[in-house]
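Fold and geometry: a report
Chain residues, written in single-letter form:
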Amino acid sequence: MSMLAQDAPPLHGASEGLPPGVVEGRARSNPGHRPVNTEPAVVRVALTLVALVFLGLFIGLPLLAVFVEAFRRGVPAYLAALVDPDALAAIRLTLVVAAISVAANLVFGLAASWAIAKFEFPGKSLLISLIDLPFSVSPVVVGLMFVLLFGAQGLLAPWLQALDVKIIFALPGIVLATVFVTFPFVARELIPLMQEQGTAEEEAAVSLGASGFATFFRVTLPNVKWALLYGVLLCNARAMGEFGAVSVVSGHIRGLTNTMPLHIEILYNEYQFVASFAVASLLALLALVTLVAKTVLEHRLAEEDR
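In this report, we go over the structure that sits alongside the text.

Calculation rules
Residues numbered from 1 in each chain as written. Predicted model: local features only at pLDDT ≥ 70, side-chain atom pairs only at ≥ 80, totals over all residues. Heavy atoms only, no water. Phe/Tyr/Trp six-rings, centres within 6.5 Å; stacked < 30°, edge-to-face > 60°. Helix = DSSP H or I, 4+ residues; strand = E, 2+ residues; numbered from the N terminus. Buried < 20%, exposed > 50% of the residue type's maximum accessible area, 1.4 Å probe, protein only. 1 Å grid on protein atoms, 1.4 Å probe; cavity = no way out; pocket = protein on both sides within 12 Å on 5 of 7 lines; lining within 4 Å. Points joined across faces, edges and corners; volume = space filled by probe spheres on them. Nonpolar A, V, L, I, M, F, W, Y, C, P; charged D, E, K, R; others polar. Expected span 1.5 Å × (residues − 1). Salt bridge = Lys/Arg side-chain N within 4 Å of Asp/Glu carboxyl O.

Moving on, we get to the packing of aromatic side chains. Describing an aromatic ring pair means giving the distance of the ring centres and the angle of the ring planes. This structure, assessed with the given rule, holds twelve aromatic pairs. For the ring pair F108 and F183, a centre distance of 4.3 Å and an interplane angle of 20 degrees mean the geometry is stacked. One end of the pair, F108, is in helix α5 (residues 85-118); the other, F183, is in the loop between α9 (171-181) and α10 (184-197), with 75 residues separating them in the sequence. Judged by relative accessible area, F183 falls into the partly exposed class, the value being 22%. Residues W114 and F216 carry aromatic rings whose centres are separated by 4.6 Å and whose planes lie at 40 degrees to one another, so their mutual orientation is tilted. Highlighted residues: W114 in helix α5 and F216 in helix α12 (residues 212-223), separated in sequence by 102 residues. Classification of W114 as partly exposed rests on a relative accessible area of 22%. Aromatic rings pair up to connect W114, F119, F216 and F217 into one cluster.

To continue, consider empty space enclosed by the protein. In this structure the tally under the stated criterion is one cavity of 30 Å³ or more. Here the largest cavity defines a volume of roughly 40 Å³. Lining of the largest cavity is provided by T94, V97, T178, A239, M240, E242, V246, T259 and P261. Of all the elements in the fold, those that place two or more residues in the lining of the largest cavity are α5 and α13 (225-241). For the lining of the largest cavity, the per-class residue count stands at five nonpolar, three polar and one charged.

Before going further, it helps to examine α13. For an α-helix the count is 3.6 residues per turn, leaving residues at separations of three or four pointing the same way. Over its 17 residues, α13 extends 24 Å from the first C-alpha to the last, a length consistent with the 24 Å expected when each residue adds 1.5 Å. Residues of α13 that are buried include every one of W226, A227, L228, Y230, G231, L233, C235, A239 and M240, and no others.

Oppositely charged side chains can pair when the atoms bearing their charge come close. Counted under the stated rule, the structure contains seven salt bridges. Across the pair R254 and D86 runs a salt bridge whose closest N-O atoms are separated by 3.5 Å. With R254 in the loop between α14 (244-250) and α15 (260-269) and D86 in helix α5, this pair connects stretches of sequence that are 168 residues apart. Of the residues examined, R254 reaches a relative accessible area of 35% and is grouped as partly exposed. For R254, the salt bridge is made with E270, and the minimal N-O distance between the two is 2.3 Å.

Purely geometric stuff here, so don't read any function into it on its own.
Structure, rendered in structure tokens:
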């Protein structure tokens, strides 16, 4: 017993006799030895001020300028710009395209993330790469791709003309372009979360006799609901603000194929500044609402992680 006591490592002062480098390494790895943040208060305040000034100059001031210009001629002129028939048509088209795009990406994002996170199959890495493809392709190039496929001189033009189907310069082309550029948002929010959760709960549900759909709706979906809403929110914001791809495939037809961003550009080019900023302020308001909802969802996700 005495020999064991002599051989046991000391409870206190265990770093005695160790090289200085080892002692310093232990101190660095143990947050109890010293605070992680060792910068002086002046440095922290300076960095915070730099960040606030940067945000104010490049985000706050432009947003403020949009609303100031929108109301420069008063509320009646602002409302008149929003109830203009072309503006109403642009708003309506934007909402329709966003709704269709979000629904399509919702279905695809759930299916793709479930397959990638829960199963092993040939071509899995290729599928992940294809999901990320819209991040690396310019939206203008996306629009040109659809023109080359579905345009009057496109590869599928004879077949489309025979069926009397119009894709380019119509709603289907705008939806296709928007779906492509918003492709990754839902899937990319769900894949890491589903991979982290693993398959234990699904396997337990199946072992208890649950069907595949019952397992999905009662086990998988409730576990990812907040991440799913977060992805839908980002997808919707991107869909409503898309300009490049939609600009190529829309044809800029007033009252028919102009979304809100395209309508803003046309008004601005025609020197109708109050009207253009009025419609832009509506998009800005939607962005602010999205930001608030995004903050709430991030808070809920953080609570679930804890």
